[in-house]
Amino acid sequence: MITLTTATRCVVLLALPAMLSGCGGAKPQSSKPIVVPAPVANNAGAQPAGAAAKRNELANKAARNDANAGKTKSLPPGTDPRSVFNVSEVSMDVAAPRRFQPEDQFTVVSGTRGIDSTQMVVVRGATPAKTGIARRDFSLPKGFVTVKGSEYSEDGLPLRIQCEKSGTTMALVPAGVFKMGTNEGPSDCQPEFSLHLDAFYMDVFEVTVGDFEKYRQDQKEKKKPMPPTTNPTSSPATPVLGVPWGMAQNYARWLSLELPTEAEFEKAARGPNSLRTPWGDGRAVWPVPRTPETLTVTGAFANDCSAYGIHDLAGNAREWCSDMYSDHAHRDAVASSNQTPHNWAGPKKVSNSNLRVVKGNAPDWSAWARQGRDIGKTLPDVGFRCVLRITVPETKS
């Protein structure tokens, strides 16, 4: 049970719509949006009619809540108690209307790491992070341009770029160290270890049926075999499925891109704080029911969005990575180096070279989950996305 109280007089911007509507630059949701009416501000110094009665009503309600605290309440059949949120009180003192400031915004966030979302914390909105200035010694490879209006990282790299050939948008994943794997999950995901990755760009959304069809038609015009898919008649905005690993790699290279390594995929999902899932360490909050088998148009579940603004890294299609699969890859990575690995790209020798890593759609959505799938098969639940690896000049001291 959580109590949300504001002790100071301020205008409050409710965060719930943002939680359900997603990150900046997202595609529109297919589900009906949930609208929460904005709070009505009173004229400064004026007392609205019935204010005293309203206060008494709220006081009585609070007293009833206190009396009922700790009592077990019945839930609908099949409801997981851990997925129910009981807000005991929301007390807000609303001031006169004025322009919203960052300090006026409150956000509901997950609690301590390791605690699920049944325990939550309310925090004031932080002042937006300062953005950098475009650096003059860096340029994107031919065929890629900065998205108009894009901000820049502290290192001066554009946060959003576009592949001109496909028209798709890519998001920056900055260089740095993150924690990969887990010490408590499945054995093939153990142990947790730190590694460093250089900066790269990743597709904001999975490669869609529409995206892949452009490639299929290009191959047809060149008198080459058209790559197969298992869902060619699906909505153009749906992730393309059933593309064998080698053909997915060929598509990426057609755009001067690559398939992500397992480490790149996991960092893009877990963010700079190495969270368990793209949205944090707690339980997912979906606007409509979702399972690891749910397939929708890309970006339909806005909460499945990482700190870098990359969507569907936990759910929708499972996704190919470039690494060969080994169930002891993490243990070998730790044993083979006494220092933090740099740009780790998986094991170099495996017992079955036909298996490549597939990420996403874990039963609990954990970003460290991994599978090995046969590269020669058309798998009806596996799609992919691409990355652009860049070279950033070293900053002179």
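Glancing now at the side chain of Q219. The residue Q219 is located in helix α3 (residues 209-221) in this model. A distance of 3.2 Å separates polar atoms of two side chains, one belonging to Q219 and the other to D218. For Q219, the residues in contact, after removing those within four places along its chain, are K224, P225 and P227.

Before going further, it helps to spend a moment on the nonpolar core. Ranked by internal contacts, the top residues of the largest apolar core, which has 33 residues, are Y201, Y251, W320 and F384. At the level of secondary structure, the elements contributing two or more residues to this core comprise β6 (160-163), β7 (169-173), α3 and α4 (245-254). Here this core takes 5 residues from α4, the largest share from any one element. Among the nonpolar cores identified, the runner-up in size contains 26 residues, and F178, F265, L313 and C321 belong to it.

All right, on to unusual backbone geometry then. With an omega of -5 degrees, the peptide bond running from Q190 to P191 counts as cis. Along the chain, the position of P191 falls in the loop between β8 (176-180) and β9 (193-197). Even without a glycine there, the phi angle at D312 is positive, about 60 degrees. If you trace the backbone, D312 turns up in the loop between α5 (262-270) and β11 (318-324). Overall, the relative accessible area of 1% leaves D312 in the buried class. The backbone phi angle of N316 is positive, close to 65 degrees, even though this residue is not glycine. Assignment of secondary structure puts N316 in the loop between α5 and β11.

What follows covers the packing of α3 against α4. Two quantities define a packed helix pair, namely the angle between the axes and the distance from one axis to the other. Direction vectors running N to C along α3 and α4 enclose 85 degrees, while the axes themselves pass 11 Å from each other. On the basis of their axis angle, the class for α3 and α4 is roughly perpendicular. Here D211, F212, K214, Y215 and D218 of α3 lie close against α4, whose contacting residues are M247, N250, Y251 and W254. By residue class, the composition of the contact of α3 with α4 is 5 nonpolar, 1 polar and 3 charged.

The rules behind the values
Residues numbered from 1 in each chain as written. Predicted model: local features only at pLDDT ≥ 70, side-chain atom pairs only at ≥ 80, totals over all residues. Heavy atoms only, no water. Helix = DSSP H or I, 4+ residues; strand = E, 2+ residues; numbered from the N terminus. Polar contact = N/O pair within 3.5 Å; in protein donor to acceptor, adjacent residues only side chain to side chain. Contact = heavy atoms within 4.5 Å. Core = buried A, V, L, I, M, F, W, Y, C linked by side-chain atoms within 4.5 Å. Buried < 20%, exposed > 50% of the residue type's maximum accessible area, 1.4 Å probe, protein only. Axes fitted to C-alpha atoms, helices over the stretch in contact; angles between N-to-C directions. Parallel < 35°, antiparallel > 145°, perpendicular 65-115°, else oblique. Nonpolar A, V, L, I, M, F, W, Y, C, P; charged D, E, K, R; others polar.

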